[in-house]
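Breakdown of the fold
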Amino acid sequence: MSALAGAFFSLGNLLNVALSIAVIGILGVGMTAVILTGGIDLSVGSGVALSGVVAALAAHAVDSGAATGGSPSLLPVVAALGAALAVGAAGGVFTGVAVARLRAPAFLVTLALLSIERGLAFLFSSGQAVSDLPAGFNWLGQGIVFGVPVPVWLTAACFGVGWFVLARTTWGRWIYAVGGNEAAAWLAGIDTRGVTLGTYVANGLLVGLAGAVLTARLGAAVPNAGLGYELDVIAAVVVGGTALTGGRGSVLGTLAGAVCIGTLDNALNLANVDPYLQRVVVGVVILLAVLGERLRHRGRT
Amino acid sequence: MTHAALAAAHITVRYAGVVALRDVTIELHPGAIHALVGENGAGKSTLMRVLAGARSPDAGTLAMNGEAVQFRTPRDAHRAGIRMIQQELSLVPGFSATENIVLGDEPSRWGILDRRATRARAERAIDGLGASIDLDTPVERLSLAQRQMVEIAKALAADAPSGLRVLILDEPTAILSAHETDALHARLVVLRSRGLAILYCSHRLDEIDRLADHVTVLRDGAYVGGGTIREFPPATLIPLMVGRAIERRSWRAPAEMVPGSVLLEVDRLATAPPPAPHRRARVRPSGAPVTGATDVVEASFVLRAGEIVGLVGLVGAGRSEVALALIGAMPRTAGTVTLRGAPFRPRSPRDAVRAGIGFVPEDRAASALMPRDSVRVNTTLVALRGLARAGVVNRARERAMTHQWVEALRIKTPSIETPVRRLSGGNQQKVVLARWLVAGDPPLSVLIVDEPTRGVDVGARTEIYDTLRDLATNHTGVLIITSDLVEAMALCDRLLVMREGRIVGELTGADQTAERVASLMVPS
């Protein structure tokens, strides 16, 4: 047991845990904001795959067009990252317009988008992994700065910015207000549509970033990347105490939720627990977290 | 002496320490209609909830036919033969009348619905009311009066062992036209003749005089009088109901005060029903029905700086709709609005806020507060932009501003971080008012308040009146929408009376009497 504890608490393993939750964490920041408005985004897993594929294709296109001399250029890297963010943002605009302007249910819109984006990822990549990415791009997923992997830095930055925006800015307050009571927010003169639309676009940008990071980490864009991520992300948000009804919660909770689930996965791995059983255990823990939250609230009212 | 069908003795109920009902006794006799009257907040709803098993009293006892009973849930009361018809009807909109009537107690065999028995029971119930309603139409397509019939039929069809013995109606006619009201009364008379005990809660004293056998008057949670209806004609009920200190005080501007410049000029404003009911084209305070209320047909009036104008009329006369159309929360179909001399056509409440018009909706919980958020967050909601630089909220200033207004309005709260839902109704209302008073950009020039003191305790009520008068004194034009005539008389410098979507009269000074208002409110 103590050997197990030693293995778990080693610095290397802790960084492992951090790295393993990086992509889920980045997505969790956006998902928290979306859920705070009273919405949901089921398409993030597909969005990660599509933005990764488009990023890789963009890198190749720019590369074959420009680089003939062989000296590494920054251009393909920028193109790839820009393409990933653009794809993510486009998904956010699509969802945001449908939800905020057309008042379609977020659940259904993003369910549709989940299918559309996954299909496009397979179409664009012909179902094949797109590899041979520029080294500069791969740095996003594989680089190490001050001993810490770049994805971990990026995730930390996303949580930092996400926390600041939600807790300290007018826009963040309006996100809570829209989720807390949309009619009240609207009557108070808040541009509830704009706030909702903006939140989905910001979430889309984070999906694009997550897609770039995952692709860079794998060294290749895979059309079935991020399969089922939407559920892991929502689990992290909910375990972190954010209410699915909106208006209540924080990205710090989501961070705790992601860490909690990542740690559990890791510990079960180290303890050599049957991987099938691991899924069951993780599910039970999510259930307990949610039930615990319910009981705590019932106790108070 | 026969036993009462349902008797409540010495009932006391407290909500979060506040006494809502104090030592109230009432007896409902079989074959009699018992009227329950009192102002908003007098404790009528609480008493009805106790009688219907929706709330256990903190002290006091209930008895049916002389035997003590205890209801832990409304279901217990149902089984004992007691049903309450709420103001907000509890029908499933997409279900037919038949499906609604048997809801929760569907005739079935081996879990399979017995369509024939269902049909028979629904028909029996509707026939028992002498009503004719298409039993297969989804109730959402029925008129409000018809829906109410379905609701009563549901109560009659209830499969209580002893059948229905007590029927409780909460403001059943508030949403009905005069014609529909007569029809309902005819049904109730039939039910009375069958030995039902009926508790009938209403604001409309003329109805009670025609319909009821007994009356009980509540004020501020206490029993203040009652007996047979002969002993208590309407004229004697009003002083009992409103015998509060307030009516002896006045918040009207002194007679010599001359109102300032014209802020708002409304000319032949009209509204129409929204195209799609589920779109948030209009925010209906949830207490009011989504359909059935009259839309604004024609409203013309002027609001000047420094005056408080009251918009009065029966529920459903279109008062709230005037406000919603003015702030752009509801589309208007005709008419012009001029704000400080310039045409004003808001597309959403945002435009109104930017033009310096504030709006306090009727239903705090549904349309004004974010109940789980703090006093601070709720107070600074409108002014937040002004408290921020480059989008980053200045927290120190936000807190200071909140403290300042909590103090100025004497909002009683443990801290500015307390969730606003923990506050009493009066303090919640002050928070909503404070939201508009916090120095805004542009400054507030018009404040529209729909039911300023609904669900507000007596003490906070006078403080809210003080606040509104202060606001007017500082040159804001205040438009009050109220169902409380005592409030209208005490607070408003001028009254506009609405009936069936039209402003039908304006009363000032000495003309502003309850009799004049009432005669304008009710079609003659």
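Residues numbered from 1 in each chain as written. Chains lettered and ligands numbered in written order. Predicted model: local features only at pLDDT ≥ 70, side-chain atom pairs only at ≥ 80, totals over all residues. Heavy atoms only, no water.

**Considerations on the overall build of chain A**
Rule in force here: Secondary structure elements are taken from DSSP: a helix is a run of H or I of four residues or more, a strand is a run of E of two residues or more, and numbering for both begins at the N terminus. In this setup the radius of gyration rests on C-alpha atoms only. A globule is expected at 2.2 Å times the number of residues raised to 0.38. Categorising residues by exposure relies on relative accessible area from a 1.4 Å probe, with only protein chains included: less than 20% of the type maximum marks a residue as buried, more than 50% marks it as exposed, and the intermediate range marks it as partly exposed. Only heavy atoms enter the contact rule, under which two residues are in contact if any of them lie within 4.5 Å. Only the protein chains shown count as cover for residues, with accessible areas throughout obtained via the Shrake-Rupley method and a probe of 1.4 Å. The charged-residue count follows a simple rule in which Lys and Arg add positive charge and Asp and Glu add negative charge, with His and chain termini not counted at all. Lysine's charge is taken at NZ, arginine's at CZ, aspartate's at CG and glutamate's at CD.
What chain A contains, in helices and strands, is 14 helices and two strands. The globule rule puts the C-alpha radius of gyration for 301 residues at 19 Å, and the 20 Å found for chain A is close to it. Overall, the C-alpha framework of chain A stretches about 70 × 55 × 35 Å when taken along its three principal axes. By the burial criterion, 49% of the 301 residues in chain A qualify as buried. In chain A, 76% of the contacts between residues at least 6 apart in sequence involve partners at least 24 apart. Carbon together with sulfur atoms contributes 70% to the accessible area of chain A, which is approximately 13100 Å² in total. Put simply, chain A has 13 plus and 11 minus side-chain charges, and the middle of one group is 15 Å from the middle of the other.

**Description of the sheet that holds strand β13 (residues 262-271) of chain B**
Residue and element names in this part refer to chain B. Quick note on the threshold: The pairing criterion is simple: DSSP has to find at least two bridges between the two strands. Under this scheme, a helix contributes an axis fitted over its contacting stretch, all axes are lines through C-alpha atoms, and angles between N-to-C directions fall in the 0 to 180 degree range.
Pairing is antiparallel in the open sheet, where four strands are placed in the order β14-β13-β16-β17. The two strands at the open ends of the sheet, each matched to only one other strand, are β14 (299-304) and β17 (342-343). Its contacts with the sheet place helix α9 (residues 319-326) against β13, β14 and β16 (332-339), and it is angled at close to 115° to β13.

**Quick look at the sheet that holds strand β22 (residues 477-482) of chain B**
Residues and elements named next belong to chain B. What the six strands build is an open sheet, ordered β18-β21-β22-β15-β23-β24; its pairing is mixed. Here the strands that pair on one side only, and so sit at the sheet edges, are β18 (357-360) and β24 (502-508). Adjacent strand axes in the sheet meet at a mean angle of 20°, parallel and antiparallel pairs treated alike. When β18 meets strand β21 (residues 446-450), the two strands line up parallel, connected through four bridges.

**Comments concerning empty space enclosed by the protein**
All names here are of chain A. Applicable threshold: Residues are called lining when one of their atoms sits within 4 Å of a cavity or pocket point, these points coming from a 1 Å grid over the protein atoms alone, where a cavity is a set in which a 1.4 Å probe fits but cannot get out and a pocket is an open set with protein on both sides within 12 Å along at least five of seven lines. Grid points are joined across faces, edges and corners, and a volume is the space filled by probe spheres set on the points. Gly counts as polar in this scheme, as do all residues outside two lists: the nonpolar Ala, Val, Leu, Ile, Met, Phe, Trp, Tyr, Cys and Pro, and the charged Asp, Glu, Lys and Arg.
The tally for this structure, following the rule as stated, stands at five cavities of 30 Å³ or more. Of the voids in this model, the largest cavity is the one considered here, and its volume is about 70 Å³. Lining the largest cavity are 13 residues; nearest its centre among them are D41, S43, G88, G91 and V207. If you list the elements that add at least two residues to the lining of the largest cavity, you get α4 (44-66), α5 (75-101), α6 (106-125) and α11 (192-218). At four residues, α5 tops the list of elements feeding residues into the lining of the largest cavity. Looking at side-chain class alone, the lining of the largest cavity contains three nonpolar, eight polar and two charged residues.

**Description of the domain arrangement of chain B**
Rule in force here: Where each domain begins and ends is defined by an automated method or by a domain database.
Domain boundaries assigned for chain B yield domain 1 (6-244) and domain 2 (247-364 + 442-521). Summarising the inter-unit geometry, the C-alpha centres of domain 1 of chain B and domain 2 of chain B are found 32 Å apart.

**A few points about the pattern of salt bridges**
As a reminder of what qualifies: For this analysis, a salt bridge means a side-chain nitrogen from Lys or Arg found within 4 Å of a carboxyl oxygen belonging to Asp or Glu.
All told, the structure shown has 23 salt bridges over all chains when counted by the stated rule. With a shortest N-O distance of 2.8 Å, D136(B) and R119(B) are connected by a salt bridge. Here R119(B) lies in helix α4 (residues 115-129) and D136(B) lies in the loop between α4 and α5 (144-157), a separation of 17 residues in the sequence. Notably, a salt bridge pairs R347(B) with D351(B), separated by 3.6 Å at the nearest N-O pair. Beyond isolated ion pairs, a larger network of salt bridges with shared partners links R173(A), R376(B), E398(B) and E417(B).

**With respect to the packing of helix α3 (residues 22-36) of chain A against helix α8 (residues 150-168) of chain A**
Geometrically, a packed helix pair is captured by the angle between its two axes and the distance between the axes. Residue and element names in this part refer to chain A. Where we set the bar: Here is the rule for angles: anything less than 35 degrees is roughly parallel, anything more than 145 is roughly antiparallel, 65 through 115 is roughly perpendicular, and the remaining ranges are oblique. Should the near helix be turned anticlockwise from the far one by less than a right angle, the crossing is left-handed, and should it be turned clockwise, the crossing is right-handed.
Where α3 contacts α8, the two axes come as close as 8 Å, and the packing angle between them is 15°. Taken together, the axes of α3 and α8 are roughly parallel relative to one another. Pair α3 / α8 crosses with left-handed handedness. Between α3 and α8, the contacting residues are A22, G25, I26, V29 and L36 on the first element and P151, T155, C158, F159, G162 and L166 on the second. The class makeup of the residues in the contact of α3 with α8 is eight nonpolar, three polar and no charged.

**With respect to a nonpolar patch on the surface**
Residue and element names in this part refer to chain A. Put simply, the test is: Residues enter patches when their relative accessible area tops 30% and they take part in no salt bridge; the joining distance is 9 Å for like charges and 5 Å for the nonpolar side chains Val, Leu, Ile, Met, Phe, Trp and Tyr.
A cluster of nonpolar side chains, namely L277, V280, V284 and L288, defines an oily patch on the protein surface of about 360 Å² accessible area. Its location among the elements puts L277 in helix α14 (residues 275-300). We classify L277 as partly exposed; its relative accessible area is 46%.

**Comments concerning α11(A)**
The criterion, for reference: Any helix carries an expected span of 1.5 Å times its number of residues minus one.
In this model α11(A) runs 39 Å from its N-terminal to its C-terminal C-alpha over 27 residues, within 8% of the 39 Å that 1.5 Å per residue would give. Downstream of α11(A) by a residue or two, G219(A) has a phi angle that is positive, lying close to 75°.

**So, the interface of chain B and chain A**
Interfaces are often sized by the amount of accessible area the parts lose when they come together. Rule in force here: Buried area is calculated as the accessible area (1.4 Å probe) missing from two parts once they are joined, with the contributions of both summed.
Across the boundary between the two partners, chain B contributes 38 residues, which contact 27 residues of chain A. The contact between chain B and chain A buries some 2600 Å² in all, and 59% of this surface belongs to carbon and sulfur atoms. Among the ionic pairs, D191(A) bridges to R350(B), the shortest N-O distance being 3.5 Å. Residue assignment for the side of chain B that touches chain A shows that the elements contributing at least two residues are α10 (349-354), α11 (364-367), α12 (375-379), β20 (392-393) and α13 (395-408) of chain B. Within the side of chain B that touches chain A, the residues separate by chemical class into 22 nonpolar, five polar and 11 charged.

**A few points about the nonpolar core**
To be explicit about the condition: In these notes, a set of buried Ala, Val, Leu, Ile, Met, Phe, Trp, Tyr and Cys residues joined through side-chain atoms within 4.5 Å is what counts as a nonpolar core.
Membership of the largest hydrophobic core comes to 71 residues, with the highest contact counts inside it found for V23(A), I26(A), L27(A), M31(A), F137(A) and I190(A). If near-sequence neighbours (up to four positions away) are discounted, L27(A) is found in contact with V44(A), V48(A), N203(A), L206(A), V207(A), A210(A), Y229(A) and V233(A). Counting 48 residues, the second largest nonpolar core, distinct from the first, contains W251(B), I464(B), L468(B) and L471(B).

**Quick word on the pairing of strand β12 (residues 222-228) of chain B**
Pairing analysis gives six bridges linking strand β11 (residues 214-219) of chain B to β12(B), with the strands arranged antiparallel. Across the sheet, the residue bridging to R219(B) is A222(B), located in β12(B).

**Side note on a positive patch on the surface**
Residues R294(A), R372(B), R421(B) and R422(B) make up a contiguous surface patch of positive charge. Structurally, R422(B) can be placed in the loop between α13 and α14 (425-437).

**Remarks on the environment of L409(B)**
Residue and element names in this part refer to chain B. Structurally, L409 can be placed in the loop between α13 and α14. We classify L409 as buried; its relative accessible area is 8%. Separated by 25 residues in sequence, L409 and A434 have C-alpha atoms that sit 7.5 Å apart. When near neighbours in sequence (up to four residues on either side) are disregarded, L409 contacts K430, L433, A434, L437, E463 and T467.

**Observations concerning the packing of α5(A) against α11(A)**
All names here are of chain A. Between α5 and α11, the least distance of the axes is 7 Å, while the angle of their chain directions is 150°. The angle between the axes of α5 and α11 places the two elements in the roughly antiparallel class. Both α5 and α11 take part in a crossing whose hand is right-handed. Broken down by class, the residue content of the contact of α5 with α11 amounts to 14 nonpolar, seven polar and two charged.

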